[in-house]
Amino acid sequence: MTSELDIFVGNTTLIDEDVYRLWLDGYSVNDAVALRVRSGILEQTGATAGVLQSDTMDHYRTFHMLERLLHAPPKLLHQLIFQIPPSRQALLIERYYTFDEAFVREVLGKKLSKGTKKDLDDISAKTGITLKSCRRQFDNFKRVFKVVEEMRGSLVDNIQQHFLLSDRLARDYAAIVFFANNRFETGKKKLQYLSFGDFAFCAELMIQNWTLGAVGEAPTDPDSQMDDMDVDLDKEFLQDLKELKVLVADKDLLDLHKSLVCAALRGKLGVFSEMETNFKNLSRGLVNVAAKLTHNKDVRDLFVDLVEKFVEPCRSDHWTLNDVRLFLNQYSASVHSLDGFRHQTLWDRYMGTLRGCLLRLYHD
Amino acid sequence: MPGKLKVKIVAGRHLPVMDRASDLTDAFVEVKFGNTTFKTDVYLKSLNPQWNSEWFKFEVDDEDLQDEPLQITVLDHDTYSANDAIGKVYIDIDPLLYSEAATVISGWFPIYDTIHGIRGEINVVVKVDLFNDLNRFRQSSCGVKFFCTTSIPKCYRAVVIHGFVEELVVNEDPEYQWIDRIRTPRASNEARQRLISLMSGELQRKIGLKVLEMRGNAVVGYLQCFDLEGESGLVVRAIGTACTLDKLSSPAAFLPACNSPSKEMKESPLVHPPSHGCRSTHNSPIHTATGSRLTQNFSVSVPTLIYTGMGSGSAGKEGGPFKALLRQQTQAALEQRGGSPHRFCRRREFPFLTLTAFPPGLLVHVGGVVSARSVKLLDRIHNPDEPETRDAWWAEIRQEIKSHAKALGCHAVVGYSESTSICEEVCILSASGTAAVLNPRFLQEGTVEGSLEQRIEENLPVGCGFCHIPYDELNMPFPAHLTYCYNCRKQKVPDVLFTTIDLPTDAVVVGKGCLIQARLCRLKKKAQAEANATAISNLLPFMEYEVHTQLMNKLKLKGMNALFGLRIQITVGENMLMGLASATGVYLAALPTPGGIQIAGKTPNDGSYEQHISHMQKRINDTIAKNKELYEINPPEVSEEIIGSPIPEPRQRSRLLRSQSESSDEVTELDLSHGKKDAFVLEIDDTDAMEDVHSLLTDVPPPSGFYSCNTEIMPGINNWTSEIQMFTSVRVVRLSSLNLTNQALNKNFNGLCENLLKSLYFKLRSMTPCCLCHVNFTVSLPEDELIQVTVTAVAITFDKNQALQTTKAHAEKTLQRASTDNDELLQFPLELCSDSLPAPAFPATKEHLESASSNSGTPAAQRATSVDYSSFADRCSSWIELIKLKAQTIRRGSIKTTVTVEKASPMGDGNFRNRSAPPCASSTVGVVKMTPLSFIPGAKITKYLGIINMFFIRETTSLREEGGVSGFLHAFIAEVFAMVRAHVAALGGNAVVSYIMKQCVFMENPSKNQAQCLINVSGDAVVFVRESDLEAMSTQQSAVNCQTSCPGEVTT
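Here the residue numbers are simple positions, counted from 1 along each chain's written sequence. Ligands are numbered from 1 and chains lettered from A, in the order in which they are written. Under the rules for a predicted model, residues below a pLDDT of 70 receive no local features and side-chain atom pairs below 80 are neither given nor counted, while totals for whole chains, interfaces and linings still include all residues. Excluding hydrogens and water, the side-chain figures rest on all heavy atoms present in the structure.

You'll find chain B entered in an unreviewed UniProt entry as C2 domain-containing protein 5 isoform X6, with Microtus ochrogaster given as the organism.

In the annotation of an unreviewed UniProt entry, chain A is listed under the name Acidic fibroblast growth factor intracellular-binding protein isoform X1 and assigned to Microtus ochrogaster.

Here it is, written out as structure tokens:
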């Protein structure tokens, strides 16, 4: 006696959270059944393996049917086929778009293209996440990217509106989209210690301060094909950053800057002498990063540069996070006292964000 | 020109991409009613078109309004080639024709295609203006309300219950027409959907006419079914109970506004048939003229002329009188004398009610289950000389049912239903019901002024009256063990009671009930035509017998003494017959404690064998004890003195029972002496019997926290909370074809059903404590080795803590009452006589006399019955014969019945925990609940919006791509639910009650990657208000109405 057909359809669609998780994690029905058996559910409920198999199949079929709708979450809200309570709808969407930390670190900053998709096999092997799950996550990134890339207005709001994600998840996706669009390099070995959260934090700061949308200068002609407001860095701003070069190129200015910083921090810094000796190198590093951002290649290497030019030197001298904070605060503030320097606002826009990023990046 | 139908197409959304190049669609809509079609403009390049059309107006007869569905087709405009159809929406506008139902249909409807399923949605507004034409009801029956609910709908009061109405309509199945070879599957499916929609409309209209003739205004317990007879045609038939209902809030009784036209019809039957004869009713001999029928039913080019066309003309003249004649003949045969007015004949013919729950006081006594089956060969060719074949078949069966009821001393049959099972050209017709004695005062016309409730006031409730035997103790139709009622001690009751109705609300029950199923398979040789029919007829009595034995044994095993909601389904396949009986077992306090089950071995001298037997016996006894604990069956101890009255047999019996529990040795001894007589001794004389006993013990009780029943409410639970989950589950298994035996089949089938139940319990585990109510199993045999089981039920949560208290209180109350009303026995016969004589409704006295006289004759015949099945050439035995063999049910009656003071609320009087989900603020789709029950726990139904009766076909030629058979059917059922919900929401409703999936015919051809499925569902669309909300805003009723009646605004 073999079962040809076996279905269960409820007027309210039954969603089993545990099975949903297994499905999202890309397990096959048989693997999922095995995992459920291991969870001890048979003992708890007195069910048989056959019942579990049939139940799992049912849920998988339902999820498979729902997947099409999950690709455009507003559709899930308006569709008539599955009657699902709103709280459950929200859960379905949120979980579907949730991604694995290990996976996102592999893909962050990469072009979301077919080429990358081919690498998913390797990522799957490396991270231990099933290929199916990798595909779903990758496709989610790509889908969100495609939808919001050309859109005006706040990136987070756009994502929230079109994918009905929670605020937290929408912010993460904003970071992913931002990184993918600007192709920031995150995969280098020296960046491995950074978490997705670190990058997402930086992305948020950069979106807030360095994009066109950040300055609130909406293009005068709304139809003009200007850069997207939140996704692309403000080109003009990057161009202007060249002006900061004077801070290291002008020997007097550099010396004055150093003396101001040293005067203010003397006695307050645990690593004062190291700071004093390294000041010029550090300052050169930070300013040169700014000056190079006109080239796309250098934009991509932003995080590599920051780690190489600032984080690593400080770390090798055993700066504490507090030392870094005090230094960066003073370093940015002192520029205001440099009489010969005329780009105060530009400096603040640059350094304000960079300071935040560096503090976040400075850890083991 | 009595009506104007107005339709507005507002918008579409989520349309499929029809133009691959642009990834967009140029959609427009065709709106068709009858032969008139309107089109909207093409909305270019959008998947969410905003047509905002003008109002399309159709000026039509109200007859058409009842028959025709509104057909909306969404198409993709194509400049160079034919326009592609995206899908269709059929809207039944019948609900707009009742005065109290919906006033507008407005909302998002899924656009459905029989090949692709749901493809987007369309927003439509439909209104009807009925003109105040005096001739309004001439041919139509607008205004007659239909309810699927098998009890008096919650917000109505029954003024008169008129009785049985039935009708059937036949046509050729489009799937089997020659044209089907050249048209696309889509065209064929759509032709079928449309035809069935038309036939349903016509059938409903005709039933409505009959109701008007009887001066009723509603049909309750309306059950419409399709018989797909293959090449011999398509039969749509319906039965129901005609009533005059009165809306509870309105002060005056609503009388049908149609007296004169109905009379007119009655007087001139020649005029009547032409009005619908043309629609290929069964009674028009013109049917066989295939060509002309085609045009009549499908042509869009031939307009209304068909109504007066040649087809119907001749049909009318011949068919009409013929039918009338036939009626008269049957009537005469039915011992009807005296010039009874024509309009009562139908009711007199068959005093059947399709109701399963009754207004207090109506049900006086219950006799037992009566059923009849008949095996018929479908005629391949429509025989033009015998257009009434199907009608005659059913009439024959009903006749038999009626005579069975009479033999039980009953003049009526309640909880009546009919069904068919078809395999190739063989068809089994089945009918079953519960023989009953009804209070004739409810069925009289004329005394309209008093409501039912008022009329029965004088009878004080007891809660056991319905159990009392209706027949004469001295002339029992079959051997039965009678005792005095354990409740009132005044009347006789049988030891076991089987019924097809719901448990009366006032019945005193001990403990909880449970679902009891008997399952059975029988192999049969493949055969053709008559040989096949004969083989089936020969098998049927044995199957019925075994089903009955199984039921009885399982009931004993549960320690219970009565079955409610009994439904026995016999399914015929190519090489086997399947029997599935479902019922809800309960322990009725009025009936005696059931005895145990004893096992008797054939060879008592063999020591090891005896040991084995006693081991079995111990297991059975343990199971009974366990079940009693599980279902909380601890009836109050009854002292000998109280029972100890004159009937010797019951005493002997009770003694025997007591001895059972003592020791197994003694038991064996007793067995031997009583083995031949006692129905509850299982003789193990061969391995088959051993298997049977084993299978008894394999039924696993539901896991803790779960109860199940197939009746409306679970006996013993009355504190429902508001969470409900309706579901449908379908399983198809393929039997391994290697030398199948009956035992192997039985085991497989048992396993299938048990596993299905286990799966349900597992799936719904998060709802515990909960009860599966109205569990409805349907078995079909789609192919040689395939068994399909379909289950629809609803899981309802309940509050565990309050259950016990309320039942106890109730039981105590009734016991107290029982002691107070003892003396009215003698009055009863007189009362009944005086009441029933003037009543034209049920010639109760006459039948009583007759049954008394015939009863005196029957016992002799019965004694000889043993197993004389040779007389069942093409007809199978009915329950009653079997009942004669086995000790069954019965009682004799007092007219006492219980009126519960509280308004028969199945939710009981406990507090409800409101567990409903938070309101869906963010979602734009309103929640529509669906339930097979007639009520919604924790809520009050405020309005009935009309009947939902939908038929869908889905077909695929890419089965694998759609996830195989499971994926295909899962999606289809989900779509059907969605379409039902959308229709209800558009009517302004928020729930479907009495929902039933009447048909789910699934056919597959995996090698061709194809599958097809037909589904027919029905129910009542309603508006309900949560009781908690009701209290909170009792003064703001208007706000609720407004909110619920304008879902269109909510969703746009």
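Brief notes about the overall build of chain B
The secondary structure listing takes helices from DSSP runs of H or I that are at least 4 residues long and strands from runs of E that are at least 2 residues long, numbered from the N terminus. Helix and strand counts for chain B stand at 24 helices and 32 strands. Taken across its 1052 residues, chain B has 62% of its residues classed as buried. Across chain B, contacts joining residues at least 24 apart in sequence account for 79% of those joining residues at least 6 apart. We get accessible surface area from the Shrake-Rupley algorithm with a probe of 1.4 Å; when it comes to residues, only the shown protein chains can shield them. Summing over all exposed atoms, chain B offers an accessible surface of approximately 38500 Å²; the carbon and sulfur share of this is 54%. Three labels apply to residues, based on accessible area from a 1.4 Å probe with only protein chains included: buried if under 20% of the type maximum, exposed if over 50%, partly exposed otherwise in between. Contacts are residue-level and defined by heavy atoms, with any inter-residue pair within 4.5 Å sufficient.

A few points about the overall build of chain A
Helices and strands together make up the secondary structure of chain A, namely 21 helices and one strand. Its C-alpha atoms give chain A principal-axis dimensions of roughly 90 × 50 × 35 Å. Counting all 364 residues of chain A, 52% fall into the buried class. Pairs at least 24 residues apart make up 70% of the contacts formed inside chain A by residues separated by at least 6 positions. As displayed, chain A has an accessible area near 15900 Å², and 50% of this comes from carbon and sulfur atoms.

A closer look at the interface of chain A and chain B
With 38 residues of chain A at the contact, the number on the chain B side is 53 residues. By buried area we mean the combined loss of accessible area, with a 1.4 Å probe, across both parts when two parts are placed together. Approximately 4100 Å² of surface area, both sides summed, lies buried where chain A meets chain B, with 61% of it carried by carbon and sulfur atoms. Criterion for a salt bridge: a side-chain nitrogen of Lys or Arg within 4 Å of a carboxyl oxygen of Asp or Glu. Here chain A is connected to chain B by five salt bridges. B:Arg734 is the salt-bridge partner of A:Glu4, the closest N and O atoms lying 3.2 Å from each other. Each polar contact in these results corresponds to two N or O atoms within 3.5 Å; when the atoms are within protein, one needs to be able to donate a hydrogen and the other to accept it, and residues that are neighboring in sequence are counted only if both atoms are side-chain atoms. Where chain A touches chain B, the interface holds 23 residue pairs in polar contact (both at pLDDT 80 or more). For the side of chain A that touches chain B, the secondary structure elements donating two or more residues are strand S1 (2–10), helix H3 (41–45), helix H4 (49–70), helix H5 (73–78) and helix H6 (86–97) of chain A. The nonpolar class holds Ala, Val, Leu, Ile, Met, Phe, Trp, Tyr, Cys and Pro. Asp, Glu, Lys and Arg form the charged class, and all remaining residues, Gly among them, are polar. The residue inventory of the side of chain A that touches chain B, partitioned by class, reads 16 nonpolar, 14 polar and eight charged.

What about the packing of helix H1 (residues 17–24) of chain A against H6(A)?
How two helices sit against one another is set out by the angle between their axes and by the gap between those axes. Residue and element names in this part refer to chain A. Axis lines are fitted to C-alpha atoms, over the contacting stretch for helices. Their N-to-C directions set the angle, which ranges from 0 to 180 degrees. Running from N to C, H1 and H6 point in directions that differ by 25 degrees, and their axes come no closer than 11 Å. If you check the angle between H1 and H6, you find them roughly parallel. Note on packing geometry: the crossing formed by H1 with H6 is right-handed. Between H1 and H6, the contacting residues are Glu-17, Tyr-20, Arg-21, Trp-23 and Leu-24 on the first element and Arg-88, Leu-91, Leu-92, Arg-95 and Tyr-96 on the second. Each angle gets one of four labels, with under 35 degrees taken as roughly parallel, over 145 as roughly antiparallel, 65 to 115 as roughly perpendicular, and the rest as oblique. By convention the crossing between two helices is left-handed if the near helix lies anticlockwise of the far one by an angle smaller than a right angle, and right-handed if it lies clockwise.

Quick notes on the pairing of strand S31 (residues 991–1005) of chain B
Residue and element names in this part refer to chain B. Each pair of strands is called paired provided DSSP finds at least two bridges between the two strands. Relative to S31, strand S29 (residues 929–930) is paired through two bridges, and the arrangement is parallel. Of the residues in S31, the one forming a bridge with Met-930 is Val-992. Sheet topology places S31 next to strand S32 (residues 1010–1026); twelve bridges connect them, and they run antiparallel. Bridge assignment links Ala-991 to a residue of S32, and that residue is Val-1022.

Section: helix H2 (residues 185–213) of chain B
All names here are of chain B. The span one expects for a helix is its residue count, reduced by one, times 1.5 Å. When the terminal C-alpha atoms of H2 are compared, their 42 Å separation across 29 residues agrees well with the 42 Å that a helix rising 1.5 Å per residue should span. Burial analysis of H2 places 25 of its 29 residues in the buried class, which makes it a mostly covered element. Remark: Arg-215 follows H2 within two positions and exhibits a positive phi of approximately 65 degrees.

Describing empty space enclosed by the protein
Residues and elements named next belong to chain B. The way it works is a 1 Å grid over only the protein atoms, where trapped points that fit a 1.4 Å probe form a cavity and open points with protein on both sides within 12 Å along at least five of seven lines form a pocket, and then any residue with an atom within 4 Å of a point lines it. Grid points are joined across faces, edges and corners, and a volume is the space filled by probe spheres set on the points. All told, the structure shown has 18 cavities of 30 Å³ or more when counted by the stated rule. Tyr-90, Asp-92, Ser-197, Asn-949 and Met-950 are the residues nearest the centre of the largest cavity, which is lined by 31 residues in total. Where the lining of the largest cavity is concerned, the elements lending two or more residues are helix H1 (62–67), strand S6 (84–91), strand S7 (105–113), H2, strand S30 (939–956) and helix H21 (964–986). The class makeup of the residues in the lining of the largest cavity is 17 nonpolar, nine polar and five charged.

Side note on the packing of helix H19 (residues 302–316) of chain A against helix H21 (residues 344–361) of chain A
Residue and element names in this part refer to chain A. Two elements in contact, H19 and H21, have axes whose closest approach is 11 Å; the angle formed by their N-to-C orientations is 75 degrees. What the angle tells us is that H19 and H21 run roughly perpendicular. Listed contacts from H21 to Phe-303, Leu-306, Phe-310 and Val-311 of H19 are Leu-354, Leu-358 and Leu-361. Within the contact of H19 with H21, the residues separate by chemical class into seven nonpolar, no polar and no charged.

Quick look at the state of the cysteines
Should the sulfur atoms of two cysteines be covalently bonded, the bond is a disulfide. Residues and elements named next belong to chain B. Note that a disulfide, as used here, is simply two cysteine sulfur atoms within 2.5 Å. This structure, assessed with the given rule, holds zero disulfides over all chains. With no disulfide of its own, Cys-423 has Cys-427 as its nearest cysteine by sulfur position, at a separation of 11 Å. Overall, the relative accessible area of 12% leaves Cys-423 in the buried class. The thiol of Cys-514 is not disulfide-bonded; the next cysteine sulfur, from Cys-709, is found 9.6 Å away. Note on Cys-514: relative accessible area 3%, which makes it buried.

Considering helix H10 (residues 529–557) of chain B
All names here are of chain B. Between its first and last C-alpha, H10 extends 41 Å over 29 residues, near the 42 Å set by a 1.5 Å rise per residue. Its maximal kink placed at Leu-540, H10 deviates by approximately 25 degrees, while the proline Pro-541 follows within four residues. Just beyond H10, the residue with positive phi is Gly-559, at close to 70 degrees. A residue's bend is simply the angle between two axes: one fitted to the seven residues ending at it, one to the seven starting at it.

Let's talk about the side chain of A:Asn11
You can see A:Asn11 is positioned in the loop between S1 and H1. Among the polar contacts made by the side chain of A:Asn11, one reaches the main-chain carbonyl oxygen of B:Val928 at a distance of 3.2 Å. With near-sequence residues (within four places) excluded, A:Asn11 lies in contact with A:Gln83, B:Gln725, B:Met726, B:Val928, B:Lys929, B:Met930, B:Phe977 and B:Arg981.

A few points about the sheet that holds strand S9 (residues 145–146) of chain B
Residues and elements named next belong to chain B. Strands sit in the order S9-S11-S12-S10 across an open sheet of four strands; the sheet is mixed. Each edge of the open sheet is held by one strand with a lone partner, namely S9 and strand S10 (156–171). The pairing of S10 with strand S12 (residues 234–247) spans 14 bridges and is classified as antiparallel. The residue of S12 that forms the bridge with Glu-166 is Ile-239. Relative to the sheet, H2 contacts S9, S10, strand S11 (218–228) and S12, its axis offset from that of S10 by approximately 135 degrees.

Quick look at the environment of B:Ala583
All names here are of chain B. Checked against the element boundaries, Ala-583 lands in strand S21 (residues 576–588). Considering only alpha carbons, one finds Ala-583 and Ala-518, 65 residues apart in sequence, at a separation of 8.9 Å. With near-sequence residues (within four places) excluded, Ala-583 lies in contact with Cys-514, Leu-515, Ile-516, Leu-563, Phe-564, Gly-565, Leu-566 and Asn-710.

Here's the deal with the sheet that holds S29(B)
Residues and elements named next belong to chain B. Here four strands make up an open sheet; going across it, the order is S29-S31-S32-S30 and the pairing mixed. Where the open sheet ends on each side, the last strands, each with one partner, are S29 and S30. Sheet topology note: the S30/S32 ladder contains 16 bridges and is antiparallel. Bridged to Met-950 within S32 is Val-1017.

Overview of the nonpolar core
Remark: nonpolar core denotes a set of buried residues (Ala, Val, Leu, Ile, Met, Phe, Trp, Tyr, Cys) joined through side-chain atoms within 4.5 Å. Formed by 244 residues in total, the largest nonpolar core has its most connected members in A:Phe327, B:Leu70 and B:Ile122. If we skip the residues at most four places from it in the chain, B:Ile122 touches B:Ile9, B:Ala11, B:Gly12, B:Val29, B:Trp51, B:Ile72, B:Val74, B:Val89, B:Gly107, B:Trp108, B:Phe109 and B:Ile111. Of all hydrophobic cores here, the second largest spans 45 residues; its members include B:Leu353, B:Ile501, B:Phe564 and B:Ile936.

Some points on the side chain of B:Lys998
Residues and elements named next belong to chain B. Mapped onto the elements of the fold, Lys-998 is located in strand S31. This count recognises Lys and Arg as positive and Asp and Glu as negative, with His and chain-terminal groups excluded. Asp-1020 provides the closest opposite charge to the buried, salt-bridge-free Lys-998, at an N-O distance of 9.9 Å. Contact partners of Lys-998, with chain neighbours within four places excluded, come to Leu-223, Gln-224, Asn-949, Asn-1016, Val-1017 and Ser-1018.

Looking at the environment of B:Ile161
All names here are of chain B. Considering the arrangement of structural elements, one finds Ile-161 in strand S10. Using a relative accessible area of 0% as the deciding quantity, one classes Ile-161 as buried. Residues Ile-161 and Ala-242, spaced 81 residues apart in sequence, show a C-alpha to C-alpha distance of 6.3 Å.

Some words on the packing of aromatic side chains
Residue and element names in this part refer to chain A. Pairing of aromatic side chains here covers Phe, Tyr and the six-membered ring of Trp, requires ring centres within 6.5 Å, and sorts the geometry by plane angle: under 30 degrees stacked, over 60 edge-to-face, intermediate tilted. By the definition in use, this model includes 47 aromatic pairs over all chains. The interplanar angle of 20 degrees and the centroid separation of 6.3 Å between the aromatic rings of Phe-310 and Phe-327 together place this pair among those described as stacked. A residue pair is termed long-range when its members are at least 10 positions apart, and Phe-310 in helix H19 and Phe-327 in helix H20 (residues 321–334) qualify at 17 residues. For the residue pair Phe-310 and Phe-327, the accessibility class agrees, reading buried in each case.

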